[in-house]
Amino acid sequence: MKEYRIALIPGDGVGNEITDEAAKILNTAAQKHSFDVQTRRFDWGCDYYLQNGVMMPEDALETLQTFDAIFLGCIGDAGKVPDHVSLTLLLAIRKTFDQYVNLRPVKLYPGVHSPVKTATPETVDMLVVRENTEGEYSGAGGFFKMGTPDAFAIQTGIFTWKGCERVMRYAFELSRKRKKFGDKSKVGMVTNCTKSNALNYSMVFWDSVYEEVAADFPDIKTDAALVDALTMWLIKNPGYFDVIVASNLFGDIITDLMAMIQGGMGLAAGGNINPEKRYPSMFEPIHGSAPKYTGKGIVNPVASVESVRMMLDHLGEEEAALDVQKAVMQVLAEGKVKTRDLGGTGKTHEMGNEINRILRG
Ligand code: IPM
Ligand code: MN
């Protein structure tokens, strides 16, 4: 029997409650599809910081490296530790494990209300491929002349040809795969999210890489949109898009907007992926830790369950992944159990249990 070792990092705020539901689904999927999962939970995060002065132990990355995949709940609790400190945990894992693709599917499931009128379950089905290790998040810069009237800060985006190329190739490959296996006619296009009208070095460079990569995929349509205009198009006609490739910061921004198109942050999942599988990949809901809801059991676990689905897919357990997705879709379509964000009064664990019940079959 295949066995996967999965690290669980619940993190802060509502992290524990959503990780419970994620683990439940993972275990049921394993039983049903005859593979084994060994999970280990790590209590790293802001409370750990308050006790130890670091977000995770010194050998955390070495420890994580022995796992097949990581599930991360959510990190950050500004009441305890400043965000730019706590979030080093997340960014260190993404960079050290070369998780250069941040994959964020945006699909409006039947039964879910989208606040965006133009969004329908028939048309909204897109993927954002966000560059995840460099660009605006390179962490290059500094503070200068602090405490004087001439104080200034520099934050430099670093865009390497290799870094842009590999993430764009991934986006084109993905679009090709969707074209082959997808069930919609519009698939087969990669939109380049850019801003080369104003960012005359980084984004002009980014566009050049896009053009070179695109030439290797003549079967996939090219498309480009300036990031500001893209936010407008995404609301005006979300059904137009297939795969969108974006730099780290732009991808971050548009995926919060796109989460609303699919019904809210409680539904939006993501994967930090090292496609070569040299290092473990990490799957996480894209919402924050919502400290004020901690322990209340009211947040929607679907984003976490969907992250588990992406993890299963990445591990090669495609059937189990599809099964999880089917269960999620059924629960959302039936609407018998709904968390508050979906207009109901269901608790986090009730929603998780309902998905689990259907998954079990
Ligand atoms: C995300 C988050 C992170 C990011 C933060 C928490 C550093 O917003 O995963 O989208 O900006 O990447
Ligand atoms: Mn974000």
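Below you will find a few notes about this structure. (Residues numbered from 1 in each chain as written. Chains lettered and ligands numbered in written order. Predicted model: local features only at pLDDT ≥ 70, side-chain atom pairs only at ≥ 80, totals over all residues. Heavy atoms only, no water.)

Take the overall build of the protein chain next. Scanning the protein chain from N- to C-terminus turns up twelve helices and twelve strands. For the protein chain, whose C-alpha radius of gyration is 20 Å, the value lies close to the compact-globule estimate of 21 Å for 361 residues. Across its three principal directions, the C-alpha atoms of the protein chain cover 55 × 55 × 40 Å. When the 361 residues of the protein chain are sorted by exposure, 54% land in the buried category. A fraction of 74% describes how many contacts in the protein chain between residues 6 or more apart in sequence connect residues 24 or more apart. Carbon and sulfur atoms provide 53% of the accessible area of the protein chain, an area that totals close to 16,100 Å². Across the protein chain, the centroid of the 39 positively charged side chains sits 4 Å from that of the 46 negatively charged ones. (Helix = DSSP H or I, 4+ residues; strand = E, 2+ residues; numbered from the N terminus. Rg over C-alpha atoms; globule rule 2.2 N^0.38 Å. Buried < 20%, exposed > 50% of the residue type's maximum accessible area, 1.4 Å probe, protein only. Contact = heavy atoms within 4.5 Å. Areas by Shrake-Rupley, 256 points an atom, 1.4 Å probe, with all protein chains shown as cover. Lys, Arg positive; Asp, Glu negative; His and termini not counted. Charge placed at Lys NZ, Arg CZ, Asp CG, Glu CD.)

The next point concerns the packing of aromatic side chains. The tally for this structure, following the rule as stated, stands at ten aromatic pairs. Summarising the aromatic geometry, the rings of Trp-161 and Phe-205 are spaced 5.3 Å apart at their centres and angled 90 degrees between planes, so their arrangement reads as edge-to-face. Of this pair, Trp-161 sits in helix 6 (residues 161-181) while Phe-205 sits in helix 7 (residues 202-214), and the two are 44 residues apart along the sequence. Judged by relative accessible area, Trp-161 falls into the partly exposed class, the value being 31%. The class for Phe-205 is partly exposed, based on a relative accessible area of 26%. (Phe/Tyr/Trp six-rings, centres within 6.5 Å; stacked < 30°, edge-to-face > 60°.)

Let's shift gears to the sheet that holds strand 2 (residues 36-41). The strand order across the open sheet built from ten strands is 2-1-3-12-11-4-5-10-8-9, with neighbouring strands paired in mixed fashion. Since the sheet does not close on itself, it has two edges, and those belong to strand 2 and strand 9 (221-226), each with one partner. Adjacent strand axes in the sheet meet at a mean angle of 25 degrees when their direction is disregarded. Strand direction decides the pairing type here: strand 8 (residues 189-194) and strand 9, joined by six bridges, are parallel. If you follow Thr-191 over to strand 9, its bridge partner there is Asp-223. Sheet strands in contact with helix 1 (residues 15-32) are strand 1 (3-11), strand 2, strand 3 (69-74) and strand 12 (281-285), and its direction is about 165 degrees off that of strand 2. Together, strand 5 (125-131), strand 8, strand 9 and strand 10 (243-246) form the strand contacts of helix 8 (residues 227-236), whose direction differs from that of strand 9 by roughly 105 degrees. (Pairing = 2+ DSSP bridges. Axes fitted to C-alpha atoms, helices over the stretch in contact; angles between N-to-C directions.)

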